[in-house]
Every structure is written in structure tokens, then in C-alpha cells.
Amino acid sequence: EAGVAQSPRYKIIEKRQSVAFWCNPISGHATLYWYQQILGQGPKLLIQFQNNGVVDDSQLPKDRFSAERLKGVDSTLKIQPAKLEDSAVYLCASSLDRPGYNEKLFFGSGTQLSVL
Amino acid sequence: QKEVEQDPGPLSVPEGAIVSLNCTYSNSAFQYFMWYRQYSRKGPELLMYTYSSGNKEDGRFTAQVDKSSKYISLFIRDSQPSDSATYLCAMRGSSASKIIFGSGTRLSIRP
């Protein structure tokens, strides 16, 4: 089966610019996650969707970050305006919404963002 | 205090050695425990998943959970150079709660 697709692979922007990331999850996976992974740290959940709805966005900096998942399939994450501390890898993951499978997250390769 | 603590390493061992990777945690509500492996420039992939306390074995990998000590371990037997990666522990409370990741331990297996 095809994995989680993310684009772009790399992005370099200047501070105060805007940027958007795209994710297409594995077909049939109802749950979609966006994680931020700063160098040397573990992934930190930004937002979790179940189908179209938001399950958890408690750690999303809502003054600058936004995310949407239209039609319960692919998703975009936007940052506007970007700050230096937003430099990180942005990982998208998906999972089946089924007992015993909720812990098996399938990750994409991520988008590496550098803010200069 | 972080909810999940993990020694960042790096840890370097010779090929064939037994590797022990560990995490401690502070939230007694955690019930689901996972180990993910992350190769350079890739997303994490699930290696092992354990519910509550006890041991689980899968090939060369064994996961242990000691809830009384709030301590989890991953053992790798007969380590191979292909095992060189960052290992992330992860855990969650109920099946509806979010997964919390450790910071990862970077492991290098020397041929």
C-alpha cells in the first residue's frame, strides 16, 4: 500500500513569510496527525483530526498556525507569519480509527523547514 | 519535569552486542507503550507496542514495561549495523488521549 505522502520535502523561507505543507494519508485512515520535530527532540503533536473534525489542537500556536482537512482526506498545515523558532521537521502521520491500531502511526518523511 | 524522559545518547556498540534502551515517565495514567525507530531524514516507524505491564518479544526485539517503577525498556539482541537509528519511546493514557514521545536515543552499531 502507498504510504503517507508529504510535500514539499524541504522549504527555506525568511522570518515573517508564510508557508504551507501538504499531506495525503494512507487510504482509509480516518485519523491524521501533524507533528513538529525540532532537532534533537521527539515529535510534538500540533493537531489531530478524526475525519474532518479536530480531536486535539491544544499545542497548536493558533495565532500563527492553521490546519485543515477537507473532505476527511488530505490536509494542509500553514504558518503565517513564520518565526525563527519554527525551524523544524513537520511530520504528518495517519492511523486507522480502530482498537489495537490507534498506536500504529504511519509517518510520512516530513517537510524540513528552515526559517532564516 | 518532562512527562517522558529518554537519554539522548549517542550510544555506540559493536555489532552483535545486546542493546538496552530506556525511558522513564511521570504520568501514572499511561497504559499504552510504544517504541518507534527513526532513520535519518525519515519519519518514525512503529517497532513494538505493549499494553500495560509485562514483556513482549518480536524477533530480536524485546519490550519491557514496569509500571510500578514507571520505566520501560527496549532490548535489541544480536545488533546489526542496520539497527543504527534513533529510537523513540512513546506512550499514551487512554486510547483517546494523545501520544507523548520521548526525545529519542541515537544508536550506532559498529561493524
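That block above? That's the structure.
Report on the accompanying structure. (Residues numbered from 1 in each chain as written. Chains lettered and ligands numbered in written order. Predicted model: local features only at pLDDT ≥ 70, side-chain atom pairs only at ≥ 80, totals over all residues. Heavy atoms only, no water.)

1. Things to note about the overall build of chain A
Alright, step 1. The secondary structure content of chain A amounts to 0 helices and 11 strands.
Alright, step 2. Traced from its N-terminal end to its C-terminal end, chain A shows the element sequence β-β-β-β-β-β-β-β-β-β-β.
Alright, step 3. Radius of gyration (C-alpha) of chain A: 13 Å, near the 13 Å computed for a compact globule of 116 residues.
Alright, step 4. Taken over the C-alpha atoms alone, chain A extends approximately 40 × 25 × 25 Å along its principal axes. (Helix = DSSP H or I, 4+ residues; strand = E, 2+ residues; numbered from the N terminus. Rg over C-alpha atoms; globule rule 2.2 N^0.38 Å.)

2. A short note on the sheet that holds strand β8 (residues 75-79) of chain A
Residues and elements named next belong to chain A.
Alright, step 1. Reading across the sheet, the 4 strands line up as β1-β3-β8-β7 and stay open at both edges, with antiparallel pairing between neighbours. Of all the strands in the sheet, just β1 (5-7) and β7 (65-68) have a single pairing partner and so form its edges. Each strand axis lies, on average, 15° off the axis of its neighbour in the sheet, ignoring direction.
Alright, step 2. Sheet topology note: the β7/β8 ladder contains 4 bridges and is antiparallel. Directly across from Ser66, in β8, lies its bridge partner Lys78. (Pairing = 2+ DSSP bridges. Axes fitted to C-alpha atoms, helices over the stretch in contact; angles between N-to-C directions.)

3. Focus: the side chain of Arg64(A)
Residues and elements named next belong to chain A.
Alright, step 1. Note on placement: Arg64 falls in the loop between β6 (53-56) and β7.
Alright, step 2. Of the polar contacts made by the side chain of Arg64, one reaches the backbone oxygen of Pro81; its length is 3.0 Å.
Alright, step 3. Within the structure, Arg64 has its side chain in polar contact with the side chain of Asp86 (distance 2.5 Å).
Alright, step 4. When neighbours within four sequence positions are excluded, Arg64 is seen to be in contact with Lys78, Ile79, Gln80, Pro81, Ala82, Lys83 and Asp86. (Polar contact = N/O pair within 3.5 Å; in protein donor to acceptor, adjacent residues only side chain to side chain. Contact = heavy atoms within 4.5 Å.)

4. Brief notes about the pattern of salt bridges
One side chain can pair with another of opposite charge once the charged atoms of both are near each other.
Alright, step 1. Counted according to the given criterion, the structure contains 5 salt bridges over all chains.
Alright, step 2. Note that Lys62(A) and Asp57(A) form a salt bridge whose closest N and O atoms lie 3.7 Å from each other.
Alright, step 3. The exposure class of Asp57(A) is partly exposed, given its relative accessible area of 27%.
Alright, step 4. Between Arg37(B) and Glu45(B) there is a salt bridge whose closest N-O contact spans 3.1 Å.
Alright, step 5. For Glu45(B), a relative accessible area of 33% gives the class partly exposed. (Salt bridge = Lys/Arg side-chain N within 4 Å of Asp/Glu carboxyl O. Buried < 20%, exposed > 50% of the residue type's maximum accessible area, 1.4 Å probe, protein only.)

5. Topic: the interface of chain B and chain A
Alright, step 1. Contact residues are listed per partner, giving 18 residues for chain B and 21 residues for chain A.
Alright, step 2. On the surface where chain B and chain A come into contact, there are 0 salt bridges.
Alright, step 3. The tally of links from chain B across to chain A stands at 4 residue pairs in polar contact (both at pLDDT 80 or more).
Alright, step 4. Of all the elements in the fold, those that place two or more residues in the side of chain B that touches chain A are β4 (32-38), β5 (45-51) and β9 (85-92) of chain B.

6. Focus: the sheet that holds strand β3 (residues 19-25) of chain B
All names here are of chain B.
Alright, step 1. The strand order across the open sheet formed by 5 strands is β1-β3-β8-β7-β6, and the pairing between neighbours is antiparallel. At either end of the open sheet lies a strand with only one pairing partner, and these are β1 (4-6) and β6 (54-58). Sheet twist, expressed as the mean angle between neighbouring strand axes with direction ignored, is 15°.
Alright, step 2. Pairing of β6 with strand β7 (residues 61-66), which is carried by 5 bridges, proceeds in the antiparallel orientation. Residue pairing in the sheet places Asn55 in a bridge with Gln64 of β7.

7. Remarks on the packing of aromatic side chains
Alright, step 1. Overall, the coordinates contain 12 aromatic pairs over all chains when judged by the stated rule.
Alright, step 2. Judged by centre distance (5.6 Å) and plane angle (50°), the ring pair of Tyr35(A) and Phe107(A) falls under tilted. You can see Tyr35(A) sitting in strand β4 (residues 31-37) and its partner Phe107(A) sitting in strand β10 (residues 106-107), a full 72 residues away along the chain.
Alright, step 3. Tyr35(A) gets classed as buried once you look at its relative accessible area, which sits at 0%.
Alright, step 4. Three or more aromatic residues joined by ring pairs form one cluster here, namely Tyr33(A), Tyr35(A), Phe107(A), Tyr36(B) and Phe101(B).
Alright, step 5. Arg9(A) extends its terminal NZ or CZ atom over the ring of Tyr10(A), reaching a point 5.4 Å from the ring centre. (Phe/Tyr/Trp six-rings, centres within 6.5 Å; stacked < 30°, edge-to-face > 60°. Lys NZ or Arg CZ within 6 Å of the ring centre and 35° of its normal.)

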